There are 2 protein chains.
Amino acid sequence: MEDKYHHGNLRQALIDHGIRIINEEGEQSLSLRKVAAACGVSHSAPYAHFKDKEELLSAIKASVTERFTEYLYRSVDEVKDESAEKAIVAMGRSYVKFFLEHPDYYQFLFYNQKITVHLTAGEIHEEDYPPYLLLKELFFRYLGEKGIALSDEEKEIELIKIWSTVQGIASIACMENVKTTKPWEDYLDKLIH
Amino acid sequence: MEDKYHHGNLRQALIDHGIRIINEEGEQSLSLRKVAAACGVSHSAPYAHFKDKEELLSAIKASVTERFTEYLYRSVDEVKDESAEKAIVAMGRSYVKFFLEHPDYYQFLFYNQKITVHLTAGEIHEEDYPPYLLLKELFFRYLGEKGIALSDEEKEIELIKIWSTVQGIASIACMENVKTTKPWEDYLDKLIH
DNA sequence: TGTTAATCTTGACACTGTCAAGTTTGTTGT
DNA sequence: ACAACAAACTTGACAGTGTCAAGATTAACA
């Protein structure tokens, strides 16, 4: 750092301060100039690392997605000695909890149509979206433990149903204008019918 | 209209052009000045009707929510002679279809944390959120038709599960970066287990 | 008909994203 | 060691933004 002309690691600093600002002040109030100032560089410095604001947001989004994925894996790991059903519920709870702990991340991750996640490279299909992979793995383990046999099609339908339920509950829990009468945790207990 | 100093119905014109712009160019590119220009009025004119940009967006949001609700009711009405289960599926399909037809509305309706819907006045609780009321009505009819008896708690849990599943599927269907292998309609067929 | 309040305009301000041009520094080839 | 080059960063400018204050126009009403 210090007072060098070259920052040293501006790219990562921009991402980190960007995440902090989004979480503290909301996405709306994140500006390139503000992030630059937070990193102690001039207002145009970010353009050496990102084509435009969109590209910085995309990088921030990828970074948040990584943290989200780690968060899910950690929660599942904590109950790794118990049943797959417990693990799925644990994952669902963490899924929602993550966004309640970081209220601005939900909108940021899922609802910037102009931003596409680039975890590695290219578009993300369900098949290589890490949270989905985790759920898939757990669900297959669940089917094994229960001795349930399903066709591939039935499996996918069930998977999408579970995933979308969790996603939907997170969505509802994050909506400030819609309140459920029961705490959201209650809706996750019977995630698998 | 004409060349009068007083527009006549500027408030509604701002809302209508606002909706059009959001749907044509996306929410990001909606500015107060642009809407004002579209209405043929000076850049500060909107301030006679809305405190700030947020308040205009809030009015637009309420207007879109109304259209959304109407859209759902219409689709349910089209199958009013069939079973409640069919109606629920029809509603689910329309729920998703509405946002696929108006790609910018999804983010706009659900993910502007700073905007709260004011359909009549005050916050919206699940209890008086019209789409939820519709689903509730259909679900109770479904239970009657099937002769299923549930406790109030069980009823609510099932309702939230159905609602969040539909919401989640809409969410997934609207995500450009996540693609399912099957068309989203397939995941709605077995909405009720 | 005169007063008042609502509606709209004009002008200004700070802030935004972006670009062009110039400056500093690390790297690389000889 | 040194020149050449490319990457990283600065400075300055531009159009567009939300918002406010002050003034102009008009409708409504006493």
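About the criteria used
Numbers given to residues run from 1 along each chain, matching the order in which its sequence is written. Here chains are named by letter from A upward and ligands by number from 1 upward, in the order in which they appear as written. Given that the model is predicted, a residue must reach a pLDDT of at least 70 before its local features are reported, and side-chain atom pairs must reach 80 or more before they are shown or counted; all residues, however, enter totals for whole chains, interfaces and linings. Only hydrogens and water are set aside; all other atoms, that is, all heavy atoms of the structure, feed into the side-chain values. What counts as a helix is a DSSP run of H or I of at least four residues, what counts as a strand is a run of E of at least two, and both are numbered from the N terminus. The buried label goes to any residue with under 20% of its type's maximum accessible area, the exposed label to any with over 50%, and the partly exposed label to all in between, with areas taken from a 1.4 Å probe on protein chains only. In what follows, residue pairs with any heavy atoms lying within 4.5 Å of each other are defined as contacts. In short, Shrake-Rupley with a 1.4 Å probe defines the accessible areas, and a residue's cover is counted only from the protein chains shown. Boundaries of every domain are those given by an automatic assignment or by a domain database. In this description, buried area is defined as the sum, over both parts, of the accessible area (probe of 1.4 Å) that is lost when the two are combined. Whenever a carboxyl oxygen of Asp or Glu lies within 4 Å of a side-chain nitrogen of Lys or Arg, that contact is scored as a salt bridge. In the analysis that follows, any N or O atom pair within 3.5 Å is treated as a polar contact, provided that within protein one partner can donate a hydrogen and the other can accept it, and provided that, for residues neighboring in sequence, both atoms belong to side chains. In the scheme used here, Gly and all other residues not listed as nonpolar or charged are polar, with Ala, Val, Leu, Ile, Met, Phe, Trp, Tyr, Cys and Pro taken as nonpolar and Asp, Glu, Lys and Arg as charged. For every residue, the predictor states its confidence as a pLDDT score lying anywhere from 0 to 100. The axes are straight lines fitted to the C-alpha atoms, using for helices just the contacting stretch, and the angles between their N-to-C directions are given from 0 to 180°. Oblique is the label for any angle not under 35 degrees, not over 145, and not in the 65 to 115 range, which are roughly parallel, roughly antiparallel and roughly perpendicular in turn. By convention, the crossing between two helices is left-handed when the near helix turns anticlockwise from the far helix through less than a right angle, and right-handed when the turn is clockwise. A single heavy atom is enough: if one lies within 4 Å of a molecule or strand, its residue is considered near that molecule or strand. Pairing of aromatic side chains requires ring centres within 6.5 Å, counting the rings of Phe and Tyr and the six-membered ring of Trp. Pairs whose planes differ by under 30 degrees are stacked, by over 60 edge-to-face, and all others tilted. Whether a charge sits over a ring depends on NZ of Lys or CZ of Arg being within 6 Å of the ring centre and within 35 degrees of the ring normal.

Enquirer: Mind laying out the overall build of chain A, listing which residues take part and the relevant values?
Expert: A count of helices and strands for chain A gives 7 helices and 0 strands. Secondary structure elements of chain A occur, N-terminal to C-terminal, as α-α-α-α-α-α-α. With 193 residues in all, chain A has 52% of them scored as buried. Sequence separation of at least 24 residues holds for 68% of the intrachain contacts in chain A that already meet a minimum separation of 6. Of the roughly 9400 Å² of accessible surface on chain A, 50% is carried by carbon and sulfur atoms.

Enquirer: Quick rundown of the domain arrangement of chain A? Include the residues and the values.
Expert: Residues and elements named next belong to chain A. Along its sequence, chain A is carved into domain 1 (1-51) and domain 2 (61-191). Among the residues domain 1 hides against domain 2, the three largest losses belong to Ile-19, Asn-23 and Glu-27. Together they make up 68% of the total. The interface formed by domain 1 and domain 2 contains 1 salt bridge. For the pair domain 1 and domain 2, the interface holds 1 residue pair in polar contact (both at pLDDT 80 or more). Grouping the amino acids of the side of domain 1 that touches domain 2 by side-chain chemistry returns 3 nonpolar, 2 polar and 2 charged.

Enquirer: I'd like to hear about the confidence of the model for chain A, residue by residue, with values.
Expert: Residues and elements named next belong to chain A. Scored by pLDDT, chain A has a mean of 85; 85% of the residues are at 70 or more. Highest mean pLDDT in chain A belongs to helix 2 (residues 32-38) (98); lowest belongs to helix 7 (residues 152-174) (82). In this model residues 113-124 is a low-confidence stretch, pLDDT under 50, and it forms 32 contacts with partners more than four residues away in sequence or in other chains.

Enquirer: If you had to explain the packing of helix 6 (residues 130-146) of chain A against helix 7 of chain A to someone new, which residues and values would you point to?
Expert: Residues and elements named next belong to chain A. Interhelical geometry of helix 6 versus helix 7 gives an angle of 120 degrees and a closest axis separation of 10 Å. Relative to helix 7, helix 6 is oriented oblique. Relative to helix 7, the crossing made by helix 6 is right-handed. Of helix 7, the residues touching helix 6 (which contributes Tyr-132, Leu-135, Lys-136, Phe-139, Phe-140 and Leu-143) are Lys-155, Glu-156, Glu-158, Leu-159, Ile-160, Ile-162 and Trp-163. Within the contact of helix 6 with helix 7, the residues separate by chemical class into 9 nonpolar, no polar and 4 charged.

Enquirer: Before we move on, could you go through the environment of B:Lys161 and cite the residues and values that matter?
Expert: Mapped onto the elements, B:Lys161 comes out in helix 7 (residues 152-174). Put simply, B:Lys161 and B:Ile192 are 31 residues apart on the chain and 9.4 Å apart in space, counted from C-alpha to C-alpha.

Enquirer: Now, about the protein's contact with DNA strand C: what can you tell me, with residues and values included?
Expert: Around DNA strand C sit 23 residues, and of these A:Arg33, A:Ser44, B:His7, B:Ser42 and B:His49 come closest. Within 4 Å of the protein, the contacting atoms of DNA strand C are 59% sugar and phosphate, with bases supplying the remainder. In the model, a base nitrogen of DNA strand C is placed 2.4 Å from a nitrogen or oxygen of the A:Ser44 side chain. Between a phosphate oxygen of DNA strand C and a side-chain N or O atom of A:Tyr47, the distance comes to 3.0 Å.

Enquirer: An account of the packing of aromatic side chains is requested, with residue identities and associated values reported.
Expert: How two aromatic rings sit relative to each other is set out by the distance from centre to centre and by the angle between their planes. The full count for this structure, using the stated rule, is 21 aromatic pairs over all chains. Taking 5.2 Å as the distance between ring centres and 90 degrees as the angle between the ring planes, the aromatic pair formed by A:Phe98 and A:Phe99 counts as edge-to-face. Summarising the burial analysis for this pair, A:Phe98 and A:Phe99 share the class buried. On the numbers, 5.1 Å between centres and 50 degrees between planes, the contact of A:Tyr132 with A:Trp163 is tilted. Of this pair, A:Tyr132 sits in helix 6 while A:Trp163 is found in helix 7, placing the two residues 31 residues apart along the sequence. The same class applies to A:Tyr132 and to A:Trp163, which are both buried. Members of the aromatic cluster, joined through ring pairs, are A:Phe68, A:Tyr71, A:Tyr95, A:Phe98, A:Phe99, A:Tyr105 and A:Tyr106. Taking NZ or CZ as reference, B:Lys155 lies 5.0 Å from the ring centre of B:Phe140, over its face.

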